[in-house]
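Per-entry structural report
Here's the letter readout for the chains.
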Amino acid sequence: MLLNLIRDKWIAIRRRDGTKERIAPWEITSDYLTNPIVTLDAPRPDFNGALIQFLIGIVQTVTPPKDEEDWEDHLHEPPTPVRLEEIFSCVAHAFELGGNGPRFMQDFQSLQTEELRIANLLIETPGENALRNNTDHFIKRGGVETMCPPCCATALFALQTNAPSGGAGHRTSLRGGGPLTTVVLGDGTESNTLWQMVWLNVLEEDTFLRTCGNPAKTAEEDKFPWLAPTRTSEPKSGRETNPEDVHPAQMFWGMPRRIRLNLDDCVRSICEICGALDSNCVRAYRTKNYGVNYTGPWHHPLSPHTRKEGIPVPVHAQPGGVSYRHWLGLVQEDEKRSREPSRIVHHFRENRQKAEDPFR
Ligand SMILES: [Zn+2]
């Protein structure tokens, strides 16, 4: 198989002592007491923004806290990697990037459309982070020609999660084009871990199921839409997708764009995003319009909202969403701008924050 996003090591991270490596999602709590993972370390800030939402989404979907006590217990004593592997494995079949079955965040069917260069999967040009980390030399002028499977997976997730309007029938994300994402952060000291950043942004099971969406829709494809033929949205024959139509978890796994990576034409090459040598670098993909059209009062837990006639309307950022580094500022600004902060920020302030708490 090309890449399984649960079983394989593909997420770039940094440990407390500065060691950089790639992990499988369940390894997030590895070496927790001696040398824990403290941050994501992707080559682009929008990739870090996508990856933290990917991790929050997995944990929220498959192992949310049962109640407040359970949440608090696991904030400082996380589940072991062995336990997480066991739990995450139950959805591993939904996280294959390639193969003959359903492919992660790609259309259920092969698409008979013209091929696009893989560079078009990226929402924006390389960010400052790449320049600062001196990784920009991997990026050719004129665009990216080859992308390794981990970077493809991240770019796919980032595009489906932030999808800007892309012409007739190219649908925007579940939160509209370029939604603003705010998360609760630690206090920025060395005592914070990546696990804590994820766990701080996961709601208790009941609270999440009541946020938005239809908890009675428990079929796997109601959580992970790529496991079934796409609910297409052509003008006459298609349909809209309201919160009532699918499970709440689809808020993290929305798929407004119909996309298929071309995996028949992979090459051994340096990935022009991260610089890794990979024998399965992808060069092209196909896309088709009229993918899932999310309509109605969606209320994603990580986005601030305003209200229009009582209906929540997600706040939007500049194209490409919000940079990982800016999150703290955005959380603080919410109050000043009289926006309704994201559900997670609100929940944290109302139910979880304590006077002596180092998290904010
Ligand atoms: Zn790469």
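Residues numbered from 1 in each chain as written. Predicted model: local features only at pLDDT ≥ 70, side-chain atom pairs only at ≥ 80, totals over all residues. Heavy atoms only, no water.

**A closer look at the state of the cysteines**
Worth spelling out the cut-off: Defined by distance alone, a disulfide is two cysteine sulfur atoms within 2.5 Å. Buried means the residue's accessible area, taken with a 1.4 Å probe over protein chains only, is under 20% of the maximum for its type, while exposed means over 50%, and partly exposed covers the values in between.
A complete count under the given rule lists 0 disulfides for this structure. Just so you know, Cys-266 is unpaired, no disulfide at all, and the nearest cysteine sulfur is the one on Cys-152, 7.9 Å from it. Under the relative-accessibility criterion, Cys-266 is labelled partly exposed at 22%.

**A word on the environment of Ala-153**
Convention followed: The secondary structure listing takes helices from DSSP runs of H or I that are at least 4 residues long and strands from runs of E that are at least 2 residues long, numbered from the N terminus. Here, two residues are considered to be in contact whenever any of their heavy atoms come within 4.5 Å of each other.
Tracing the sequence through the fold places Ala-153 in helix H5 (residues 149-162). For Ala-153, a relative accessible area of 1% puts it in the buried group. Separated by 57 residues in the primary sequence, Ala-153 and Glu-96 place their C-alpha atoms 9.7 Å from one another. Aside from chain neighbours lying at most four places away, what touches Ala-153 is Leu-5, Trp-10, Leu-97 and Phe-104.

**Details of the nonpolar core**
Rules: The set of buried Ala, Val, Leu, Ile, Met, Phe, Trp, Tyr and Cys residues whose side-chain atoms join them within 4.5 Å is what this entry labels a nonpolar core.
Counting 90 residues, the largest nonpolar core has Phe-54, Phe-95, Phe-104, Met-147, Trp-253 and Leu-261 as its most contacted members. Element by element, the count of residues in this core is highest for helix H1 (residues 45-62), at 9 residues. Setting aside anything within four residues of it in sequence, one finds Phe-95 in contact with Leu-3, Asn-4, Leu-5, Ile-6, Phe-54, Ile-58, Phe-104, Phe-224 and Trp-253.

**Examining the pairing of strand S8 (residues 277-281)**
Heads up, the rule is: A pair of strands is considered paired only if DSSP assigns at least 2 bridges between the two.
As judged from the 3 bridges shared by strand S7 (residues 267-270) and S8, these two strands associate in the antiparallel manner. By the bridge assignment for S8, Val-267 is matched with Cys-281. If you look at the hairpin formed by S7 and S8, you'll find 6 residues sitting between the two strands, and Gly-275 has a positive phi there, around 85 degrees.

**Remarks on the pattern of salt bridges**
Pairing of side chains with opposite charge becomes possible as their charged atoms draw close. Here is the rule we go by: Each reported salt bridge corresponds to a side-chain nitrogen of Lys or Arg within 4 Å of a carboxyl oxygen of Asp or Glu.
Applying the stated criterion to the full structure yields 14 salt bridges. Lys-9 is the salt-bridge partner of Glu-27, the closest N and O atoms lying 2.7 Å from each other. Of this pair, Glu-27 sits in the loop between strand S2 (20-23) and strand S3 (37-40) while Lys-9 sits in the segment before strand S1 (11-15), and the two are 18 residues apart along the sequence. When its relative accessible area of 12% is taken as the criterion, Glu-27 is described as buried. Look at Lys-9 and you get exposed, because its relative accessible area is 51%. Three or more residues are tied together by salt bridges with common partners; here these are Arg-15, Glu-21 and Asp-31.

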